[in-house]
Amino acid sequence: VTVGRTWASPPATAPGGLVAALREVVGAAHVLVDPELTATYETDWTRRFTGRAHCVVRPASTPEVAAVLRACAAHAATVVTQGGNTGLVGGGVPAGGEVLLSTTRIADLGDVDRVAAQVTVGAGVPLVALQTHLRAYGLDVGVDLPARDSATVGGLVATNAGGERVLRYGSMRAQVVGMEAVLADGSVLSRLAGLPKDNTGYDLVGLLAGSEGTLGVITRVRLRLVPLLAARSVALLALDGIAAALAALAALKERLPTLDAAELFLAEGLDLVRSHTGLPAPVPGAHPAYLLVECADRSDPSERLLAALGELSGAMPGISDAVVAEDQASRHKLWRYREAHTESISAVGVPVKLDVGVPLAAFAAVASSVGPAVEGAAPGARTIVFGHLNEGNLHVNVLGAQGREDAVTDAVLRLVTAHGGSISAEHGVGRAKVAWLPLSRSEPELAAMRAIKRSLDPTGLLNPGVLIS
Ligand code: FAD
Ligand code: MLT
Ligand code: ZN
């Protein structure tokens, strides 16, 4: 296991009186200063980002969050907000010295409004708990991702998470119809009516979505819901390359209105997953690329999926094999090849994780150039790519690049932006990519973003060093 980046560690004592003031607000049991208790909050999921917090505070409601922020401001302490700590860009862990505000106790699950198909939930609710809550109503949320057990609704909104169903429902921001959030001065912005039509000025809810904790602490979210589509069918296609995966995706989209996922992985990622999980090969032989697709409907979509695959196999030489899973256990097994990528990579070492968005017209060219670009920046490093194909979202994971992290990041992000891509498709900028934001955003855009930050958080209380330098 390689060692991640560590910032200077401040003493674990808070500025005079702040811990006492926070204990007044949330109760002594919910202000943690013991390093044994704070440790899990201080290092991110990847183990690359770590820093000591002055203390961890766990408010349970919007008024408690407001009082926490006011106390921190009064003591000139800065604050990092954390949900499930599954973020992959270092935005939810301290750089050193901040108060860490954990939202996990703000976990109320509101009643479902069946007519509007909406629900209001606390920011600290894990995605899986929300999914379970909604199932009883025959409803679902339009975003799903492998970190569902821990990632919170507030974190998903703050990062505008993507995941595996963007093809059908869009990213997290598109699911948000209302929000309650506490601004840096302790004032509460509350828009929870969930009005589908509401043209009364700036879209503050949309602005806070994707703001990565830099503009406010999201405490409650109202979400639009989608029908629970329990009839599902999954196919895994073995292909001779990425171009064939793109062609197959285009043909399947034309034929399958029930398509809701299209995930890409390659031979090297599959090898890593198989050696980590012990899974057998999904289809006989080794193939350069694999495309996992899922259809979901109210009635079994298998026949239409099989028929579409039959048409493709006659017409497209790049498809070498395909396997279809109809029952839940077999579907889960096929998904495991894709979803186990992240843990399998992290089991080998601390990766440099990049998450780029590439125009589909340039996708195959960028995907095949990423390896050589990494090799130029960190000779001998190992590159594993996979991702959400429909959105051109490539996850570039580099192992064995210790000491060359910035060079690797620079090489990959310059390659991507030279092809019209984005330095982050879904994980966000966090601390990891602040220095590269100008590759994706013009100077007027950066100036506007800085002006927004200054006006909502003039003293720089919230998530310093995240997103905006
Ligand atoms: P945290 O990690 O705690 O925080 C993330 C950021 O949001 C930080 O900047 C933090 O300050 C801010 N934040 C958190 N809560 C709040 C709040 N209430 N108010 C204001 N700011 C807040 N991401 C994807 O987009 N798609 C994927 O497919 C995907 N798959 C993943 C798979 C694995 C195995 C893992 C480990 C991660 C994956 N992620 C994915 C990344 C991660 O799950 C998402 O970024 C998620 O949205 C983070 O939620 P969280 O609650 O863990 O947030
Ligand atoms: C995924 O799609 O699995 C994630 O975004 C996590 C990752 O990039 O490792
Ligand atoms: Zn992803």
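Residues numbered from 1 in each chain as written. Chains lettered and ligands numbered in written order. Predicted model: local features only at pLDDT ≥ 70, side-chain atom pairs only at ≥ 80, totals over all residues. Heavy atoms only, no water.

## Thoughts on the layout of surface pockets
Estimated volume of the second largest pocket: approximately 610 Å³. What lines the second largest pocket is a set of 28 residues, and nearest its centre among them are Arg 173, Gly 210, Arg 441, Met 449 and Leu 467. Breaking the lining of the second largest pocket down by element, the ones donating at least two residues are α7 (204-208), α15 (437-440) and α16 (443-456). Here the element with the most residues in the lining of the second largest pocket is α16; it accounts for four residues. (1 Å grid on protein atoms, 1.4 Å probe; cavity = no way out; pocket = protein on both sides within 12 Å on 5 of 7 lines; lining within 4 Å. Points joined across faces, edges and corners; volume = space filled by probe spheres on them. Helix = DSSP H or I, 4+ residues; strand = E, 2+ residues; numbered from the N terminus.)

## Details of the environment of Ala 29
For Ala 29, the location among the structural elements is in the loop between α1 (18-26) and β2 (31-32). For Ala 29, a relative accessible area of 53% corresponds to the exposed category. Between the alpha carbons of Ala 29 and Ala 322 there is a distance of 54 Å; along the sequence they are 293 residues apart. (Buried < 20%, exposed > 50% of the residue type's maximum accessible area, 1.4 Å probe, protein only.)

## Things to note about the site of ligand 2
Around ligand 2, the neighbouring residues are Leu 88, Pro 146, Arg 338, Thr 342, Lys 353, Phe 386, His 388, His 395, Glu 426 and His 427. In this structure, Glu 426 approaches ligand 2 through a side-chain N or O atom, which is 3.0 Å from an oxygen atom. Alone, ligand 2 offers 270 Å² of accessible surface; in the complex the protein occludes 91% of this. Residues that form the shell around ligand 2 fall into these classes: three nonpolar, four polar and three charged. (Near = heavy atom within 4 Å. Polar contact = N/O pair within 3.5 Å; in protein donor to acceptor, adjacent residues only side chain to side chain. Areas by Shrake-Rupley, 256 points an atom, 1.4 Å probe, with all protein chains shown as cover. Nonpolar A, V, L, I, M, F, W, Y, C, P; charged D, E, K, R; others polar.)

## A look at the confidence of the model for the protein
Of the residues in the protein, 97% reach a pLDDT of 70 or more, and the chain-wide mean stands at 96. The least confident element of the protein is strand β1 (residues 5-6), whose mean pLDDT is 40; the most confident is helix α5 (residues 153-158), at 99. Note that residues 1-14 has pLDDT below 50 and, in this model, 30 contacts with residues that lie over four places away or in other chains. (pLDDT = per-residue confidence, 0-100. Contact = heavy atoms within 4.5 Å.)

## What about the pairing of strand β8 (residues 118-122)?
Summarising burial for β8: five of the five residues are buried, a large majority. Burial along β8 is two-sided: the residues Gln 118, Thr 120 and Gly 122 and Val 119 and Val 121 are all buried. Pairing geometry for strand β7 (residues 109-113) and β8, over three bridges, is antiparallel. By the bridge assignment for β8, Asp 113 is matched with Gln 118. Between β7 and β8, which pair antiparallel in sequence order, lie four residues; one of them, Ala 117, sits at a positive phi of approximately 55 degrees. (Pairing = 2+ DSSP bridges.)

## Some words on the coordination of the zinc ion (ligand 3)
The coordination sphere of the zinc ion (ligand 3) contains the protein donors His 388 (NE2), His 395 (NE2) and Glu 426 (OE), at a distance range of 1.9 to 2.1 Å. Each donor residue of the zinc ion (ligand 3) belongs to the same chain, with the gaps between them written as H-x6-H-x30-E. Of this pair, His 395 sits in strand β20 (residues 393-399) while Glu 426 sits in the loop between α14 (405-418) and α15, placing them 31 residues apart in sequence. The two residues His 395 and Glu 426 agree in class, both being buried. (Donors = N, O, S within 2.8 Å, 3.2 Å for Na, K, Ca; no water.)

## Looking at the packing of aromatic side chains
Across all of its chains, the model carries one aromatic pair by this definition. Centre to centre, the rings of Phe 265 and Tyr 290 are 5.3 Å apart; their planes meet at 15 degrees, and the pair counts as stacked. With Phe 265 in strand β15 (residues 259-266) and Tyr 290 in strand β16 (residues 289-297), this pair connects stretches of sequence that are 25 residues apart. On the accessibility criterion, Phe 265 (0% relative accessible area) is buried. (Phe/Tyr/Trp six-rings, centres within 6.5 Å; stacked < 30°, edge-to-face > 60°.)

## Section: the site of ligand 1
Neighbouring ligand 1 are 36 residues; Thr 81, Gly 83, Thr 86, Gly 87 and Thr 152 lie closest to it. The contact in question runs from an oxygen atom of ligand 1 to an N or O atom on the backbone of Gly 83, over 2.7 Å. Thr 86 has a polar side-chain atom sitting 2.7 Å from an oxygen atom of ligand 1. A total of 970 Å² of accessible area belongs to ligand 1 in isolation, and the protein chains cover 96% of it. Elements supplying a minimum of two residues to the shell around ligand 1: β5 (79-82), α5 and β12 (217-224). In terms of residue count, the dominant contributor to the shell around ligand 1 is α5 (four residues). Residue classes in the shell around ligand 1 are distributed as 12 nonpolar, 22 polar and two charged.

## Digging into the nonpolar core
In this structure, Leu 237, Leu 291, Val 293, Val 396 and Val 408 are the most contacted members of the largest nonpolar core, which totals 59 residues. Considering each element in turn, this core owes the most residues, eight residues, to helix α8 (residues 242-255). If near-sequence neighbours (up to four positions away) are discounted, Val 396 is found in contact with Val 352, Lys 353, Leu 354, Val 356, Val 370, Thr 383, Ile 384, Val 385 and Val 412. Core analysis: the next-biggest nonpolar cluster, separate from the first, contains 31 residues, Val 157, Met 172, Ala 181 and Leu 223 among them. (Core = buried A, V, L, I, M, F, W, Y, C linked by side-chain atoms within 4.5 Å.)

## Examining the packing of α1 against helix α3 (residues 62-74)
Interhelical geometry of α1 versus α3 gives an angle of 165 degrees and a closest axis separation of 9 Å. Here α1 lies roughly antiparallel to α3, going by the angle between them. The handedness of the crossing between α1 and α3 is right-handed. For the pair α1 and α3, contact is made by Leu 18, Ala 21, Leu 22, Val 25 and Val 26 and by Glu 64, Ala 67, Val 68, Ala 71 and Cys 72, respectively. When grouped by side-chain class, the residues that make up the contact of α1 with α3 number nine nonpolar, no polar and one charged. (Axes fitted to C-alpha atoms, helices over the stretch in contact; angles between N-to-C directions. Parallel < 35°, antiparallel > 145°, perpendicular 65-115°, else oblique. Left-handed = near helix turned anticlockwise from the far one by under 90°.)

## Digging into unusual backbone geometry
In this structure, Asn 85 is a non-glycine residue whose phi angle is positive, near 55 degrees. Assignment of secondary structure puts Asn 85 in the loop between β5 and β6 (99-102). Even without a glycine there, the phi angle at Asn 160 is positive, about 45 degrees. Along the polypeptide, Asn 160 turns up in the loop between α5 and α6 (166-169). Here Asn 160 falls in the buried class, since its relative accessible area comes to 17%.

## What to know about the pattern of salt bridges
One pass over the structure, following the stated rule, counts 23 salt bridges. Between Asp 144 and Arg 165 there is a salt bridge, with its nearest N and O atoms 3.9 Å apart. A residue pair is termed long-range when its members are at least 10 positions apart, and Asp 144 in the loop between β9 (139-140) and α5 and Arg 165 in the loop between α5 and α6 qualify at 21 residues. Here Asp 144 matches Arg 165 in class, with each residue buried. The salt bridge involving Arg 232 is made with Glu 294; its shortest N-O contact spans 3.0 Å. One end of the pair, Arg 232, is in strand β14 (residues 231-239); the other, Glu 294, is in strand β16, and 62 residues separate them in sequence. Across the pair, exposure class does not vary: Arg 232 and Glu 294 are buried alike. What emerges from the salt-bridge pattern is a single network uniting Asp 140, Asp 144, Arg 148, Glu 164, Arg 165, Arg 232, Asp 260, Glu 294 and Glu 339. (Salt bridge = Lys/Arg side-chain N within 4 Å of Asp/Glu carboxyl O.)

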